[in-house]
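Here is how the chains run, residue by residue.
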Amino acid sequence: MSDPNRPAAALISTLGLVQHPEGGWYRETYRSTGQIPGNALSEYFDGPRPWCTAIHFLLEQGDYSALHRIKSDELWFFHGGAALTIHLLAADGSHSAIRLGADITAGEVFQAMVPAGTWFGAEIAGAGEYSLVSCTVAPGFDFADFEMGDRGRLLQQYPAHEAVITRLTRSAA
């Protein structure tokens, strides 16, 4: 983000985005004040969680959202820029991809859902400087529920999907 005249840089500045550990830029825009008690969620979570959280998320061309998973469902909403491909690796070993964007005649969708516990990552699909989306998580997001994908372990679990795993993980560690 060196040139403040670039549209992505202007959005990062205007929206007050900061770098996300998975890649890209984000800012939390909503965290409900209501909470689900920890005892109601003890099978899945280690304490109470807000009912819902939301973020703006911007991905620049050449960057990617590394494969990760969280313990809640996550909804993605397209706002602008280039289309985005969200890659999902399911527990049964399958890979699927959702193209989030504005060109519905080309099969893109404005909204997508990633099920809780699914490994997923995203990359810009085609030309364009950036993709701007929002993500909503329910029960609300907590970094305690976030797990970054380990390339070696993912390759063992999903050997048929080596290309996407290698492309969307940060190291071979």
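Figured I'd write up the structure that's included with this text. (Residues numbered from 1 in each chain as written. Predicted model: local features only at pLDDT ≥ 70, side-chain atom pairs only at ≥ 80, totals over all residues. Heavy atoms only, no water.)

1. Section: the sheet that holds strand E7 (residues 73-81)
Link 1 in the chain: Here we have six strands laid out as an open sheet, ordered E1-E2-E5-E12-E7-E10, and antiparallel in their pairing. Either end of the sheet is taken by a strand with one partner, and the two such strands are strand E1 (18-19) and strand E10 (111-114).
Link 2 in the chain: In terms of strand pairing, E7 meets E10 through four bridges, oriented antiparallel. Residue pairing across strands places Phe77 opposite Gln111, the latter belonging to E10.
Link 3 in the chain: Packing of helix H1 (residues 7-15) onto the sheet brings it into contact with strand E2 (25-31), strand E5 (53-60) and strand E12 (130-138), and relative to E5 it is tilted by some 155 degrees. (Pairing = 2+ DSSP bridges. Helix = DSSP H or I, 4+ residues; strand = E, 2+ residues; numbered from the N terminus. Contact = heavy atoms within 4.5 Å. Axes fitted to C-alpha atoms, helices over the stretch in contact; angles between N-to-C directions.)

2. Points about the pattern of salt bridges
Side chains that differ in charge, positive against negative, can pair when their charged atoms come close.
Link 1 in the chain: In the structure shown here, the tally under the stated rule is 11 salt bridges.
Link 2 in the chain: A salt bridge links Arg49 to Asp46; the shortest N-O distance between them is 2.8 Å.
Link 3 in the chain: Where Arg170 meets Asp63, a salt bridge forms, and the shortest distance between an N and an O atom there is 3.3 Å. Here Arg170 is found in the segment after helix H4 (162-167), whereas its partner Asp63 is found in the loop between E5 and strand E6 (64-69), with 107 residues between them in sequence. (Salt bridge = Lys/Arg side-chain N within 4 Å of Asp/Glu carboxyl O.)

3. Some words on the side chain of His87
Link 1 in the chain: Turning to its location among the elements, His87 is positioned in strand E8 (residues 84-89).
Link 2 in the chain: The exposure class assigned to His87 is buried, which follows from its relative accessible area of 6%.
Link 3 in the chain: Side-chain polar atoms of His87 contact the side chain of His95, separated by 2.9 Å.
Link 4 in the chain: Discounting residues that sit within four places of it in the chain, His87 has contacts with Leu67, His95, Ser96, Ala97, Trp119, Phe120, Gly121, Glu123, Val164, Arg167 and Leu168. (Buried < 20%, exposed > 50% of the residue type's maximum accessible area, 1.4 Å probe, protein only. Polar contact = N/O pair within 3.5 Å; in protein donor to acceptor, adjacent residues only side chain to side chain.)

4. Regarding the nonpolar core
Inside soluble globular proteins, nonpolar side chains tend to come together where they are buried.
Link 1 in the chain: With 18 residues, the main nonpolar core has Phe57, Trp76, Leu84, Ile86, Leu100 and Val133 as its most contacted residues.
Link 2 in the chain: Within the residue set of this core, elements represented by two or more residues are E5, E7, E8, E10, strand E11 (119-124) and E12.
Link 3 in the chain: Once residues within four sequence positions are removed from consideration, Val133 is found in contact with Ile55, His56, Phe57, Trp76, Phe77, Phe78, His79, Leu84 and Leu100.
Link 4 in the chain: Leu67, Trp119, Leu154 and Tyr158 belong to the second-largest nonpolar core, a separate cluster that totals 10 residues. (Core = buried A, V, L, I, M, F, W, Y, C linked by side-chain atoms within 4.5 Å.)

5. Quick notes on the environment of Ile55
Link 1 in the chain: Relative to the helices and strands, Ile55 is located in strand E5.
Link 2 in the chain: The class of Ile55 is buried, set by a relative accessible area of 17%.
Link 3 in the chain: Beyond its immediate sequence surroundings of up to four residues, Ile55 is in contact with Tyr26, Arg27, Glu28, Thr29, Val133, Ser134 and Cys135.

6. Structural notes on H1
Link 1 in the chain: By the burial criterion, the buried members of H1 are Ala8, Ala9, Ile12 and Leu15. Across the axial projection of H1, the buried residues extend over an arc of 150 degrees, all falling on one side. For H1, the exposed residues set more than 90 degrees away from the buried face come down to Ser13 and Thr14.
Link 2 in the chain: Elements in contact with the buried residues of H1: E2, E5 and E12.
Link 3 in the chain: Downstream of H1 by one or two residues, Gly16 has phi in the positive range, about 70 degrees. (Arc of directions from axis to C-beta.)

7. Some thoughts on the packing of aromatic side chains
Link 1 in the chain: The full count for this structure, using the stated rule, is six aromatic pairs.
Link 2 in the chain: Relative to Phe146, the ring of Phe141 has its centre 6.4 Å away and its plane inclined at 75 degrees; by these criteria the two rings are edge-to-face. Taken individually, Phe141 and Phe146 each receive the classification buried, so the pair is uniform in this respect.
Link 3 in the chain: Aromatic side chains Phe143 and Phe146 sit 5.7 Å apart centroid to centroid with 70 degrees between the ring planes, which places their arrangement in the edge-to-face category.
Link 4 in the chain: Owing to a relative accessible area of 40%, Phe143 belongs among the partly exposed residues under this scheme.
Link 5 in the chain: With relative accessibility at 17%, the residue Phe146 sits in the buried group.
Link 6 in the chain: Among the aromatic residues, those joined into a cluster by ring pairs are Phe57, Trp76 and Phe120.
Link 7 in the chain: Across from the ring centre of Tyr64, 3.9 Å away, lies the NZ or CZ of Arg170, which sits over that ring. (Phe/Tyr/Trp six-rings, centres within 6.5 Å; stacked < 30°, edge-to-face > 60°. Lys NZ or Arg CZ within 6 Å of the ring centre and 35° of its normal.)

Remember that the coordinates give geometry; whether it matters functionally is a separate question.
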